[in-house]
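For reference, the chains in residue letters:
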Amino acid sequence: MGITIKDNITWVGKIDWELRKFHGEEYSTHRGSSYNSYLVRDEKTVLIDTVWKPFTNEFIENLKKEIDLTKIDFIIASHAESDHSGALPELMRLIPDTPIYCTANAVKSLKGHYHQDWNFRTVKTGDRLNIGSKELIFIEAPMLHWPDSMFSYLTGDNVLFSNDAFGQHYATEHLFNDLVDQAELFQECLKYYANILTPFSALVDRKIKEVVGFGLPVDMICTSHGVIWRDNPLQIVTKYAEWAANYRENQVTIIYDTMWDGTRKMAEAIAGGILQADPDVTVKLYNAARTDKNDIITEVFKSKAILVGSPTINRGILSAIAGILEEIRGLGFKDKKAAAFGSYGWSGESVTMITERLREGGFTLVSDGMKEVWNPDEEGLVNCVSFGRGFGQQLK
């Protein structure tokens, strides 16, 4: 059944407690997620988004308990990705002539997904939809995080339906931000931003300034995933502005994989050297083969510098390191420093390869890296400590 958000707004989405992977296998959802859909009632009734396809039947049956489907006057498709639009084909089979308001890019995306020519009404920033005593104002938000994305603002109630922005993958029966564990909530917000929105930080900053420039009061932010922000809703907007500004904490993250512990020992010795140079810095170590990649990316996002290590195998690097480096390259981090390290037996290409991939990812390389032959002995570990100390000194 629906949950009342305001007298005229009802949440009609789905909480997915079992979800552990999203975007195929690309994003880990340790705490599940939700697919938020909203009914807005005035003289006209508007449905904002649907849910992911596996929950289509459940969604429509619950929606029927809230409203006669033929009484839905308008549908707003904020974004064509199937976790938002998955139930749309079945819903449109039942109410085929209902107008769908979306961006021009969303028309292309929805047709690409479902190959249907529904009753599309394209909108752009500043367009308004009168629903009686109130209006919905549309704000395009391209690349946050798809080209078709948009926000909708409900006048009178001062509610921003923010699509994927300001959301998080977080399953909870308590839909409001003030009712959940704050540490969990902001961990998931940061992870969501780091892994999904980092490449678009300049656009995030620009869109925040644009929305603020409208001068629209915001009493509530209704997201597409996770909690609804009703208690000091602009706190998450402030956080986004901070995260969009090439965010860094006093942290160094060391990412490695290892075959026979040589590279692991190097990582730990380097960490010790960094702490000698700066006892106040936070140093975290992650074995990329044993750690969730999205959790690692979140730590990279927080870091002012990273080190990446792999032994050489078949004149290359271990696959877990190759994979995380590709993730890092695609996210386009800014203003972060880096270096490479690794052990080897006879050819030793890994450090050069990692260095080049870090450079491609936009990192500032502070050295050519270091390598140790076989399993580092006592002298080799001393060299690693010295390397870490030098790396730490260059970060001050």
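These lines cover the structure that appears in this document, whether it is placed above or below.

Some remarks on the overall build of the protein chain
Each helix and strand counted, the protein chain has 12 helices and 24 strands in total. Taking all 396 residues of the protein chain together, the buried fraction comes to 57%. Long-range contacts, defined as pairs at least 24 residues apart, comprise 71% of the intrachain contacts of the protein chain with a sequence gap of at least 6. Of the accessible surface of the protein chain, which amounts to about 16,500 Å², a share of 48% is contributed by carbon and sulfur atoms.

As for the packing of helix 5 (residues 182-197) against helix 9 (residues 293-302)
The description of two packed helices rests on the angle between their axes and on the distance between the axes. Two numbers describe how helix 5 lies on helix 9: the axes approach to 9 Å, and their chain directions differ by 90 degrees. The angle between the axes of helix 5 and helix 9 places the two elements in the roughly perpendicular class. Of helix 9, the residues touching helix 5 (which contributes Leu190, Lys191, Tyr193, Ala194 and Asn195) are Asn294, Asp295, Ile297, Thr298, Phe301 and Lys302.

A word on the side chain of Ser78
Along the polypeptide, Ser78 turns up in the loop between strand 9 (74-76) and helix 2 (82-85). With relative accessibility at 1%, the residue Ser78 sits in the buried group. Those residues in contact with Ser78 that sit more than four places away from it in its chain are Ile48, Asp49, Asp148, Ser149, Met150 and Asn163.

So, helix 12 (residues 378-395)
The first and last C-alpha atoms of helix 12 sit 26 Å apart over 18 residues, in line with the 26 Å expected at 1.5 Å per residue. Looking at the packing, one finds that the buried side of helix 12 touches strand 17 (251-256), helix 8 (262-277), strand 19 (305-309), strand 22 (337-344) and strand 24 (370-373).

Describing the packing of helix 5 against helix 7 (residues 234-244)
Put simply, helix 5 and helix 7 touch, their axes get as near as 11 Å, and they point 45 degrees apart. Taken as axis vectors, helix 5 and helix 7 run oblique relative to one another. The two elements helix 5 and helix 7 cross, and the hand of that crossing is right-handed. In this structure, helix 5 contributes Phe186, Cys189, Leu190, Tyr192, Tyr193 and Leu197 to the contact, and helix 7 contributes Gln235, Ile236, Lys239, Tyr240, Trp243 and Ala244. Broken down by class, the residue content of the contact of helix 5 with helix 7 amounts to 10 nonpolar, one polar and one charged.

Some points on the layout of surface pockets
If you roll a probe as big as a water molecule over the atoms, it shows you where there is empty space left. Of the voids in this model, the largest pocket is the one considered here, and its volume is about 320 Å³. Mapped by element, the contributors of at least two residues to the lining of the largest pocket are helix 8, strand 20 (312-313) and strand 22. Among the residues making up the lining of the largest pocket, the classes are represented as seven nonpolar, nine polar and one charged. The volume enclosed by the second largest pocket comes to roughly 230 Å³. Elements represented by at least two residues in the lining of the second largest pocket include exactly helix 5, helix 9 and helix 10 (319-331). A class-by-class count of the residues in the lining of the second largest pocket yields five nonpolar, four polar and two charged.

Brief notes about the sheet that holds strand 13 (residues 135-140)
Read from one edge to the other, the open sheet built from five strands follows the order 12-13-14-15-16, with strand pairing classed as mixed. The sheet is open, and its two borders are formed by strand 12 (128-130) and strand 16 (220-223), each paired with just one other strand. Adjacent strand axes in the sheet meet at a mean angle of 20 degrees, parallel and antiparallel pairs treated alike. As defined by bridge partners, strand 12 adjoins strand 13 across three bridges and the pair is classed as antiparallel. Counterpart to Leu129 in the pairing with strand 13 is Leu136.

Considerations on the pattern of salt bridges
By the definition in use, this model includes 24 salt bridges. The closest approach of N and O atoms between Lys64 and Glu61, which form a salt bridge, is 3.5 Å. On the criterion of helical spacing, the pair formed by Lys64 and Glu61 is a turn pair, its members being three residues apart in helix 1 (residues 56-66). For Lys64, a relative accessible area of 41% gives the class partly exposed. Exposure remark for Glu61: the relative accessible area of 43% places this residue in the partly exposed category. With a closest N to O distance of 3.1 Å, Glu268 and Arg264 form a salt bridge. Pair noted here: Glu268 and Arg264 are both in helix 8, with a separation of four residues, about one helical turn.

Regarding the pairing of strand 13
Counting the residues between successive antiparallel strands, the hairpin from strand 12 to strand 13 contains four residues, one of them, Gly132, with a positive phi of roughly 130 degrees. Strand direction decides the pairing type here: strand 13 and strand 14 (residues 150-154), joined by five bridges, are antiparallel. If you follow Phe138 over to strand 14, its bridge partner there is Ser152.

Section: the packing of aromatic side chains
Going through the model one piece at a time under the given rule, you end up with 18 aromatic pairs. With 5.8 Å between their ring centres and 35 degrees between their planes, Tyr35 and Phe55 make a pair best called tilted. With a gap of 20 residues between them, Tyr35 in strand 6 (residues 33-35) and Phe55 in the loop between strand 8 (45-48) and helix 1 connect regions that are remote in the sequence. Assigned by exposure class, Tyr35 and Phe55 land together as buried. Aromatic side chains Tyr193 and Tyr240 sit 5.0 Å apart centroid to centroid with 85 degrees between the ring planes, which places their arrangement in the edge-to-face category. You can see Tyr193 sitting in helix 5 and its partner Tyr240 sitting in helix 7, a full 47 residues away along the chain.

A few points about helix 11 (residues 350-360)
Regarding helix 11, the residues found buried are Ser350, Val351, Ile354, Thr355 and Leu358. Taken around the axis of helix 11, the buried residues stretch over an arc of 130 degrees, which confines them to a single face. Gly362 occupies a position one or two residues after helix 11 and carries a positive phi of about 90 degrees.

Each value, and the rule that gives it
Residues numbered from 1 in each chain as written. Predicted model: local features only at pLDDT ≥ 70, side-chain atom pairs only at ≥ 80, totals over all residues. Heavy atoms only, no water. Helix = DSSP H or I, 4+ residues; strand = E, 2+ residues; numbered from the N terminus. Buried < 20%, exposed > 50% of the residue type's maximum accessible area, 1.4 Å probe, protein only. Contact = heavy atoms within 4.5 Å. Areas by Shrake-Rupley, 256 points an atom, 1.4 Å probe, with all protein chains shown as cover. Axes fitted to C-alpha atoms, helices over the stretch in contact; angles between N-to-C directions. Parallel < 35°, antiparallel > 145°, perpendicular 65-115°, else oblique. Expected span 1.5 Å × (residues − 1). Left-handed = near helix turned anticlockwise from the far one by under 90°. Nonpolar A, V, L, I, M, F, W, Y, C, P; charged D, E, K, R; others polar. 1 Å grid on protein atoms, 1.4 Å probe; cavity = no way out; pocket = protein on both sides within 12 Å on 5 of 7 lines; lining within 4 Å. Points joined across faces, edges and corners; volume = space filled by probe spheres on them. Pairing = 2+ DSSP bridges. Salt bridge = Lys/Arg side-chain N within 4 Å of Asp/Glu carboxyl O. Phe/Tyr/Trp six-rings, centres within 6.5 Å; stacked < 30°, edge-to-face > 60°. Arc of directions from axis to C-beta.

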